[in-house]
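# Observations on the model geometry
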Amino acid sequence: MTKTTTRIDAVDRQIGAAVRTLRMRRGLTMRACAELCGNSEEWLRLIESGRRPLDRLSTVTTLAVVLGVDDLAVLLGPKLRRLRCTLRDSAHVQHEAVPVLRRLLSTPTYPQDSTRDPYTESERIRRRLSLAWSAWHRSDRPYTALGLVVPDLLRDALALHRASPATGRRLTWQLLSETFQMAQRFLYCVGEPHLAARAADRAMVAAEETDDPALIAVSAWSSTMAALGRAEADEAHAIAHDATGHLHHLLTTSPAAMSTWGALHLFDAIAHARLRRPADAWRSWRIAQQAANALEPDHHHPLTMFGRANVAIYAVAINVETGQAANAIKGASRIDLNTIPSINRRAQHLIDLAHGHLRRNDTDAAITALLTSEQQSGEPIAFNPAAGAVITEIVEGSKRPPRAALDLAARILKTKA
């Protein structure tokens, strides 16, 4: 009973926030909007605070007309449960691919016969993985791109593994690990930390079956990301620390190992920063910088995006996490976004930058960073909790929020609907 009440309250609070944003974007005072709807100011105040549900179609229709909304999903997306996104108990938007991935991660795959040649099929899956990563980095709608292909890729990799003879499963274990890593990245970015952790665990189990230390280390990187997504910085540090120890003997002979070593230290730096240990954070960051400098200048790992530009981006993130907003902004000014091959990574970096500007009480600069992020890709802003927090702080922190912030919030509402 208590759980149901919490869920309804969370949904109504989100709807109320949408009403407030759209009202202010329309330039209406609370009293004017309420009068146009034929109700009292207190009635509207209760709706905007989430204490009164919008549960009558006639009321919703009237409010939509007053607010200039032609799609009721913009107001009631959480209750309509549209195809692209639905609302979970925690009142966050859920990508349409998530339920399918949840089933694949939860349902056992039984042994089956296959008429296809395992080697040919594994090469086909590997090519699809490569194309999927390319789409993830190059598409301006990376979440849509990956959401369309990850479920089928995971389903096919599981089927191939179960149909392969025991003697040939080292290759399919490798494919499974890489596919689970892709699923983990997608689930992490669309705000599903617990499912992302489950995918990371499956990736690690599969990697361990291959006895490949480099693959195990990359899987550990995915597990570290999943731990950070669950706000478990201590666990993230422990995973990264252990994984780097097992890579040490490969650093002089394997650029891939050096790249993964550096990427793990970047996550370790973020973990330290969140644990309020700035000295340790910068020590890990400097190790990552040395690793990047040891690689080719244009090196970018296809999964981790590790490279010199990414190291610079993490310096911005560490400064934001440790309350050094001025240093974050100064560092960001030296980064050429064109050197970052991943559109998604650029968009995420700009959200971090917006957070730094807001800590400096520079609302205009924060909005500019968010708009630039949106130009790169509108999907990270729609799904990234940090972006939502920045926008909410801007909109709710002022009686007269900037028009650009209200417009951005309205566009995100439509994206989620």
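Described in the following lines is the structure provided in the data block.

So, how was this worked out
- Residues numbered from 1 in each chain as written.
- Predicted model: local features only at pLDDT ≥ 70, side-chain atom pairs only at ≥ 80, totals over all residues.
- Heavy atoms only, no water.
- Axes fitted to C-alpha atoms, helices over the stretch in contact; angles between N-to-C directions.
- Helix = DSSP H or I, 4+ residues; strand = E, 2+ residues; numbered from the N terminus.
- Parallel < 35°, antiparallel > 145°, perpendicular 65-115°, else oblique.
- Left-handed = near helix turned anticlockwise from the far one by under 90°.
- Contact = heavy atoms within 4.5 Å.
- Nonpolar A, V, L, I, M, F, W, Y, C, P; charged D, E, K, R; others polar.
- Salt bridge = Lys/Arg side-chain N within 4 Å of Asp/Glu carboxyl O.
- Buried < 20%, exposed > 50% of the residue type's maximum accessible area, 1.4 Å probe, protein only.
- Core = buried A, V, L, I, M, F, W, Y, C linked by side-chain atoms within 4.5 Å.
- Expected span 1.5 Å × (residues − 1).
- Polar contact = N/O pair within 3.5 Å; in protein donor to acceptor, adjacent residues only side chain to side chain.
- Phe/Tyr/Trp six-rings, centres within 6.5 Å; stacked < 30°, edge-to-face > 60°.

### Points about the packing of helix α6 (residues 98-106) against helix α8 (residues 142-163)
What describes two packed helices is the angle between their axes and the distance between those same axes. Running from amino to carboxyl end, α6 crosses α8 at an angle of 15°, the nearest separation of the two axes being 9 Å. Considering their axes alone, α6 and α8 lie roughly parallel with respect to each other. Classified by chirality, the crossing of α8 by α6 is left-handed. Where α6 approaches α8, its residues Val100, Leu101, Leu104 and Leu105 are matched on the opposing element by Val150, Pro151, Leu154, Arg155 and Leu158. Partitioning the contact of α6 with α8 into residue classes produces eight nonpolar, no polar and one charged.

### Things to note about the pattern of salt bridges
If you walk through the whole model with that rule in mind, you get 17 salt bridges. For glutamate 321, the salt bridge is made with arginine 274, and the minimal N-O distance between the two is 3.2 Å. Placement of the pair is glutamate 321 in helix α15 (residues 308-321) and arginine 274 in helix α13 (residues 255-274), with a sequence separation of 47 residues. A residue is classified by how much of its surface remains accessible, and glutamate 321, at 27% relative accessible area, is partly exposed. Among the charged side chains, a salt-bridge network with shared partners connects Arg31, Glu41, Glu42 and Arg45.

### Comments concerning the environment of glutamate 35
Looking at the secondary structure, you find glutamate 35 in helix α2 (residues 30-36). Between the alpha carbons of glutamate 35 and valine 66 there is a distance of 10.0 Å; along the sequence they are 31 residues apart.

### As for the nonpolar core
In terms of nonpolar packing, the biggest core is built from 73 residues, with Met182, Leu187, Trp285 and Phe306 touching the most fellow members. If one sorts the elements of this core by residue count, α13 sits on top with 11 residues. Contact partners of leucine 187, with chain neighbours within four places excluded, come to Val98, Leu101, Leu105, Glu192, Leu195, Ala196 and Ala199. Counting 29 residues, the second-largest nonpolar core is a separate cluster that includes Ile313, Val320, Leu350 and Ala387.

### As for unusual backbone geometry
With phi around 60°, aspartate 211 is a residue other than glycine that occupies positive phi space. Its place among the elements puts aspartate 211 in the loop between α10 (193-210) and α11 (213-229). On the basis of relative accessible area, aspartate 211 is assigned to the exposed category, the value being 63%. Although it is not a glycine, asparagine 361 adopts a positive phi angle of roughly 60°.

### Observations concerning α11
Along its 17 residues, α11 runs 24 Å from first to last C-alpha, staying within 8% of the 24 Å computed at 1.5 Å per residue. Counting buried positions along α11 yields 13 of 17 residues, so the element is predominantly enclosed. For α11, the N-terminal capping position is held by aspartate 212, with its side-chain oxygen 3.0 Å away from the main-chain nitrogen of alanine 214.

### Concerning the packing of aromatic side chains
Per the stated rule, a full pass over the model turns up four aromatic pairs. For the pair phenylalanine 267 and tyrosine 314, a centre-to-centre distance of 6.2 Å together with 70° between the ring planes defines the contact as edge-to-face. With a gap of 47 residues between them, phenylalanine 267 in helix α13 and tyrosine 314 in helix α15 connect regions that are remote in the sequence. A relative accessible area of 6% places phenylalanine 267 in the buried class.

By themselves, these figures tell us nothing about what the structure is for.
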